[in-house]
Amino acid sequence: MVVWVAYRRAPADLRRPVLYCAWASTLCSPAPRLVRLFLANGSEIPASPGIWDGCFVLARLLLIVAVVVAMRSFVSVRLATLDAVVIVAAGVALGAAFVGHGLGWRGQRRLALHPEPPDPQRRR
């Protein structure tokens, strides 16, 4: 576990992100055992490792936290999150406009930019 040595030698401003990475690497320590099971099983994915799934998820979250903590000094996380939310909302709205039309939703009124002229033969 080289990352623990790196944690002890890290400068003060990097100790916290490196600590999160060290814990993430400790939680992922059973990964080589799972790779050996995969290879011994004829390259077929083995059954879920059970409780280790939670450890892998926690390790991934710790790595995300480490990146956010390391970036906080030179990037405003609040503004970056706001930018991401605006971009996702615009993408969802644009996707809904195009995908919703092709899903075949019948019986609902649709917003039409160029409505068809009324048919004079049709009774109201």
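All values reported here derive from a predicted model rather than from experimental measurement.

Chemist: What am I meant to see in the overall build of the protein here?
Modeler: Scanning the protein for helices and strands turns up 5 helices and 0 strands. Helices and strands in the protein line up, N terminus first, as α-α-α-α-α. The buried share of the protein, reckoned over its 124 residues, is 13%. For the protein, the proportion of contacts with a sequence separation of at least 24, taken over those separated by at least 6, is 50%. Surface summary for the protein: the accessible area is close to 10800 Å², and the carbon and sulfur share equals 66%.

Chemist: Whenever I open this one, a nonpolar patch on the surface confuses me. Can you help?
Modeler: A cluster of nonpolar residues, Val 57, Leu 61, Ile 64 and Val 68, forms a patch on the protein surface that exposes about 330 Å² of accessible area. The residue Ile 64 is located in helix H4 (residues 51-71) in this model. The exposure class assigned to Ile 64 is partly exposed, which follows from its relative accessible area of 48%.

Chemist: Is there a simple way to explain the nonpolar core in this structure?
Modeler: One finds Tyr 20, Ala 24, Leu 27, Cys 55, Ala 59, Leu 62, Ala 66 and Val 69 forming the largest nonpolar core, which totals 8 residues. Sorting the residues of this core by element identifies helix H2 (15-27) and H4 as the ones contributing at least two each. In terms of residues, this core owes the most to one element, H4, which gives 5 residues. Residue contacts for Leu 27: discarding those within four places in its chain leaves Trp 52, Cys 55, Phe 56, Leu 58, Ala 59 and Leu 62.

Chemist: Help me out: how do you make sense of the environment of Val 65 in this one?
Modeler: The residue Val 65 is located in helix H4 in this model. The class of Val 65 is partly exposed, set by a relative accessible area of 34%. Taking C-alpha positions, Val 65 is 10.0 Å from Arg 16, a pair spaced 49 residues apart along the chain.

Chemist: Help me understand the packing of aromatic side chains, please; the structure alone is not making it clear to me.
Modeler: Any pair of aromatic rings gets described here by the distance separating the centres and the angle formed by the planes. Overall, the coordinates contain 2 aromatic pairs when judged by the stated rule. On the basis of an interplanar angle of 85° and a centroid distance of 6.2 Å, the ring pair of Trp 4 and Tyr 7 is categorised as edge-to-face. Taken together, the residues span about one helical turn, with Trp 4 and Tyr 7 both in helix H1 (residues 2-9) at a distance of 3 residues. Ring plane angle 90° and centroid distance 5.3 Å describe the contact between Trp 4 and Trp 23, whose orientation is recorded as edge-to-face. Linking Trp 4 in helix H1 with Trp 23 in helix H2, this pair joins segments that are 19 residues apart in sequence.

Each value, and the rule that gives it
- Starting from 1, residues in each chain are numbered consecutively following that chain's sequence as written.
- Given that the model is predicted, a residue must reach a pLDDT of at least 70 before its local features are reported, and side-chain atom pairs must reach 80 or more before they are shown or counted; all residues, however, enter totals for whole chains, interfaces and linings.
- As a convention, hydrogens and water are excluded, and side-chain values are obtained from all of the structure's heavy atoms.
- Secondary structure elements follow DSSP: runs of H or I of four or more residues count as helices, runs of E of two or more count as strands, with numbering from the N terminus.
- Buried, partly exposed and exposed residues are distinguished by accessible area as a fraction of the type maximum, computed with a 1.4 Å probe on protein chains only: under 20%, between the cut-offs, and over 50%, respectively.
- Whether two residues touch is decided by their heavy atoms; if any such pair falls within 4.5 Å, the residues are in contact.
- The Shrake-Rupley method, run with a 1.4 Å probe, gives the accessible areas here. Residue values count only the displayed protein chains as cover.
- Each patch is built from residues that are more than 30% exposed by relative accessible area and take part in no salt bridge. Like charges join if they lie within 9 Å; nonpolar side chains (Val, Leu, Ile, Met, Phe, Trp, Tyr) join within 5 Å.
- Salt bridges are identified by distance alone: a Lys or Arg side-chain nitrogen within 4 Å of an Asp or Glu carboxyl oxygen.
- What we call a nonpolar core is a set of buried Ala, Val, Leu, Ile, Met, Phe, Trp, Tyr and Cys residues that are connected through their side-chain atoms within 4.5 Å.
- When the centres of two rings from Phe, Tyr and Trp lie within 6.5 Å, Trp using its six-membered ring, the rings pair. Their planes under 30 degrees apart give stacked, over 60 give edge-to-face, and anything left gives tilted.

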